[in-house]
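# Inside the fold
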Amino acid sequence: MRGRPYNTMSNGEQQYSLKLDFLGDLKRSHHCGALRANDEGSRALLMGWVHRRRDLGGLIFLHLRDIHGITQVVFRAEMDSDIHARAEHIRGEFVVAVEGHVEKRSAETINANLPTGEIELVADKVWILNESRPAPFPMEDDLSITEEVRLKHRYIDLRRHRMQENIRMRSAVSFAVRQSLYDQGFHEIETPFMTRSTPEGARDFIIPSRLSLGNFYALPQSPQIFKQLLMVGGYERYFQIVRCFRDEDLRADRQPEFTQIDLEMSFVQQNDVFGVIEAMLEKAFAAAGATVKAPFPRITYKQAMDSYGIDKPDTRIPPFHRVEALFEGTPISGNGLPMVAIVVPKVGQISRKERDELKAYGQEKSLRVFDDPKRLERDFPEQMAKVREITGAGEDDLLLLANWAAEPDEHLPEREALKACGQLRLFAAQKYADRHKLLDPKQFNFLWVVDFPMFEWDPEDNRWVAAHHPFTSVHDQDLDLLTTDPANCRAKSYDIVLNGVELGSGSIRIHRADVQQKVFGALGFTPEDAQHRFGFLLEGLSYGAPPHGGIALGLDRMVMILAGETSIRDVIAFPKTAKGTDLMCEAPSDVPEKLLRDLGLTFLRR
């Protein structure tokens, strides 16, 4: 390849341009993390990126990196001045191939931080396969780099060790998931990406049709209806690791496109689904070097709210305890609403400022916080003795009492007061996490939460909406409550929770068309509405649909937790920003007017 004397960079600077080499028939003999002391004297040909470079005059040292590791390469002018002179032009992130013999390092130069640190490759041949502009940031993992810069140059960010470990872990976990489900008799089946919009839940991404002007496809929020129809089709165990799409506001654990482990099973009950998922998670976590043991604990939705104030509790933190009955008739009673005792173990003494912070947080949540157990024990000795007995709180533990601070409101659901207490519990535990060591990221506490409400009241639309989705089966004994008492109707739905994160959600489905019609009616759909939106499902159920159930788990969230990250963007190769944009590709973007005309679209430009 003929090189130019100079290469003009985008910033106007000129850089000397080398004559680059072709790969030709070169084949590397080892990865950059493979060589060890017992390879001394052997020849090796390595290929990779230049991670670091040190020029000591007659000696040039390179750290050569690939996805498997780093090997130190040395060029000695005394051995071959031409090769040394060529190495003088190599810079960081150049792509090179080097060949030479393996030498042991002297004792004082061994690098204990590298698996290859006992050896170095003494180069006698070098091929410069490509040069690189100066990288927008170094490859070290511990540097502070803004996420915007990282995502703008994601192809560079993906070279960093931390990102490569995350993506490799994701691959290993995905493989283990597939292997476990294949071993349990599942078939991997793809479902369509272009389907019809079903306006329940999050907003759809829509695709205009050129061949049917004025009509639209929708990208699937999940394969829910299709996997149920696969059960009608007789494929008794289906799964897929599938991309899904939701046009919703984003958070650290959300993306407009995300990946879920989706499965469905025929002729099953809830326990059968649990057994499959627990076996799968044991293998998936083992693939990431973690150990989890099934069966996982189970609690009902009501128990979760009464003990944690949230339906996805982090059980690394102790539950709170309801103690309003102990303080009934006292000046600090909760006016009939819950009063809870919160314990965070091993916090020790906290300062007045810290106590004020806890109270201020409680006030934000309409809670009255009693943060001084000694004063409470003086004023209410019998009650507080019972509180300590119930909670097991010791002298070195943080003990708080909290109840609703606002005026009693007959329309205030008890659940809202419990939710506020649960938020205080989490705030206190996270605030003192470095003291009590409860929130160990390597401790994986799984939990099944079952028996969710079938419906939730939507005050904006003034109607009942499905708490899970409208294809969820109701408890057999609650079937009559669909129309008479929807507030107390329980669903055969379940969530798998990990360390306070909802990892997956599923249910036993409705397999009878008459029951499905009844649920649609409870949701306010007329028969015509139901037929228009879900007619193909209702028709499918009328052709001998078997009892079936399933679940979908978030692969992104699972790997995020395993990797110890706080954002799923750090375990996705090419994610979107928190605003749903792709900084690297500059998407979303405008499209040519001709394409809009072909689709029959016009819109007002802002």
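Read on for an overview of the structure.

Rules used in this analysis
Residues numbered from 1 in each chain as written. Predicted model: local features only at pLDDT ≥ 70, side-chain atom pairs only at ≥ 80, totals over all residues. Heavy atoms only, no water. 1 Å grid on protein atoms, 1.4 Å probe; cavity = no way out; pocket = protein on both sides within 12 Å on 5 of 7 lines; lining within 4 Å. Points joined across faces, edges and corners; volume = space filled by probe spheres on them. Nonpolar A, V, L, I, M, F, W, Y, C, P; charged D, E, K, R; others polar. Axes fitted to C-alpha atoms, helices over the stretch in contact; angles between N-to-C directions. Helix = DSSP H or I, 4+ residues; strand = E, 2+ residues; numbered from the N terminus. Parallel < 35°, antiparallel > 145°, perpendicular 65-115°, else oblique. Left-handed = near helix turned anticlockwise from the far one by under 90°. Contact = heavy atoms within 4.5 Å. Pairing = 2+ DSSP bridges. Buried < 20%, exposed > 50% of the residue type's maximum accessible area, 1.4 Å probe, protein only. Polar contact = N/O pair within 3.5 Å; in protein donor to acceptor, adjacent residues only side chain to side chain. Salt bridge = Lys/Arg side-chain N within 4 Å of Asp/Glu carboxyl O. Phe/Tyr/Trp six-rings, centres within 6.5 Å; stacked < 30°, edge-to-face > 60°. Lys NZ or Arg CZ within 6 Å of the ring centre and 35° of its normal. Expected span 1.5 Å × (residues − 1). Core = buried A, V, L, I, M, F, W, Y, C linked by side-chain atoms within 4.5 Å.

## Observations concerning the layout of surface pockets
Looking at the second largest pocket, its volume works out to about 840 Å³. Considering the residues around the second largest pocket, the lining is formed by 21 residues, among which F205, I206, L219, P588 and S589 are closest to the centre. Considering only residue class, the lining of the second largest pocket consists of 14 nonpolar, three polar and four charged.

## Brief notes about the packing of helix α8 (residues 352–364) against helix α11 (residues 414–431)
Between α8 and α11, the shortest axis-to-axis distance is 10 Å and the interhelical angle comes to 150°. Looking at the two axes, α8 sits roughly antiparallel to α11. In the crossing of α8 with α11, the sense of the turn from one axis to the other is right-handed. Contacts between α8 and α11 involve E354, E357, L358 and Y361 from the former and Q423, L424, F427, A428 and K431 from the latter. Here the contact of α8 with α11 is built from residues that sort into five nonpolar, one polar and three charged.

## Things to note about the sheet that holds strand β5 (residues 69–76)
In a beta sheet, neighbouring strands pair by backbone hydrogen bonds and run either parallel or antiparallel. Taken in spatial order, the five strands of this closed barrel run β3-β4-β5-β7-β6, and their pairing is mixed. On average, each strand axis in the sheet is tilted by 55° relative to the strand beside it, whichever way the strands run.

## Some thoughts on the sheet that holds strand β14 (residues 321–322)
The four strands lie next to each other as β14-β15-β17-β16, forming an open sheet whose pairing is antiparallel. A single partner strand is all that each edge strand has here, and the edge strands are β14 and β16 (367–370). Two elements, β16 and strand β17 (residues 398–404), share four bridges in a ladder whose sense is antiparallel. Counted as the bridge partner of R368 is N403 from β17. In the packing of helix α10 (residues 381–391) onto the sheet, contacts are made with β14, β15 (339–344) and β17, and the angle to β17 comes to roughly 110°.

## Here we look at the side chain of Q240
Within the secondary structure, Q240 sits in strand β11 (residues 237–245). Residue classification places Q240 among the buried positions, given a relative accessible area of 6%. At a separation of 3.4 Å, a polar atom in the side chain of Q240 contacts the main-chain carbonyl oxygen of I189. A distance of 2.9 Å separates polar atoms of two side chains, one belonging to Q240 and the other to Y238. In contact with Q240, not counting residues within four places along its chain, are E188, I189, E190, T191, P223, Q260, I261 and D262.

## Digging into the pattern of salt bridges
Counted by the stated rule, this structure contains 48 salt bridges. Among the ionic pairs, R159 bridges to E93, the shortest N-O distance being 2.7 Å. Taken together, the residues R159 in the loop between α3 (154–157) and α4 (161–183) and E93 in the loop between α1 (81–87) and β6 (95–104) connect sequence positions 66 residues apart. In this structure, D371 engages R352 in a salt bridge whose closest nitrogen and oxygen atoms are separated by 3.0 Å.

## Some details on the packing of aromatic side chains
A full pass over the atoms with the stated rule returns 16 aromatic pairs. Ring geometry for F274 versus Y494: centroids 5.2 Å apart, planes at 90°, classification edge-to-face. Separated by 220 residues along the polypeptide, F274 in helix α6 (residues 270–287) and Y494 in strand β21 (residues 493–498) bring together distant segments of the chain. F274 sits in the buried class, given a relative accessible area of 0%. Taking the relative accessible area as the measure of exposure, Y494 reaches 0% and is therefore buried. Above the face of the F61 ring, R54 is positioned so that its terminal group lies 4.6 Å from the ring centre. Taking NZ or CZ as reference, R533 lies 4.7 Å from the ring centre of F525, over its face.

## Quick word on the environment of R435
Inspection of the secondary structure puts R435 in helix α12 (residues 433–436). Judged by its relative accessible area of 32%, R435 falls in the partly exposed class. Between the C-alpha atom of R435 and that of G348, which follows or precedes it by 87 residues, the distance is 8.1 Å. With residues up to four places along the chain from it excluded, the contact list for R435 reads K346, V347, Q349, I350 and E354.

## Examining α11
With 18 residues, α11 extends 26 Å from end C-alpha to end C-alpha; this agrees with the ideal 26 Å at 1.5 Å per step. For α11, the set of buried residues is A417, L418, A420, C421, G422, L424, R425, A428 and A429.

## Structural notes on the nonpolar core
Of all hydrophobic cores here, the largest spans 43 residues; its most connected members are L281, F285, L553 and M558. Counting residues per element, this core draws most heavily on α6, which supplies eight residues. With residues near it in sequence (within four places) discarded, M558 still touches V173, I261, L281, A284, F285, L503 and L553. If you look at the next biggest cluster of nonpolar residues, it comprises 24 residues, including L18, C32, V50 and V102.

## Description of empty space enclosed by the protein
Under the defined criterion, the tally for this structure stands at one cavity of 30 Å³ or more. Considering only enclosed or pocket space, the largest cavity measures out at about 50 Å³ in volume. Residues that form the lining of the largest cavity fall into these classes: five nonpolar, two polar and three charged.

## Some details on the pairing of β11
Among the nine residues of β11, seven are classified as buried, and the element is accordingly described as predominantly covered. Alignment of strand β8 (residues 187–188) against β11, held across two bridges, turns out to be parallel. The residue of β11 that forms the bridge with H187 is Y238. Bridging between β11 and strand β12 (residues 257–266) involves nine bridges; their strand directions are antiparallel. Across the sheet, Q240 pairs through a bridge with D262, a residue of β12.

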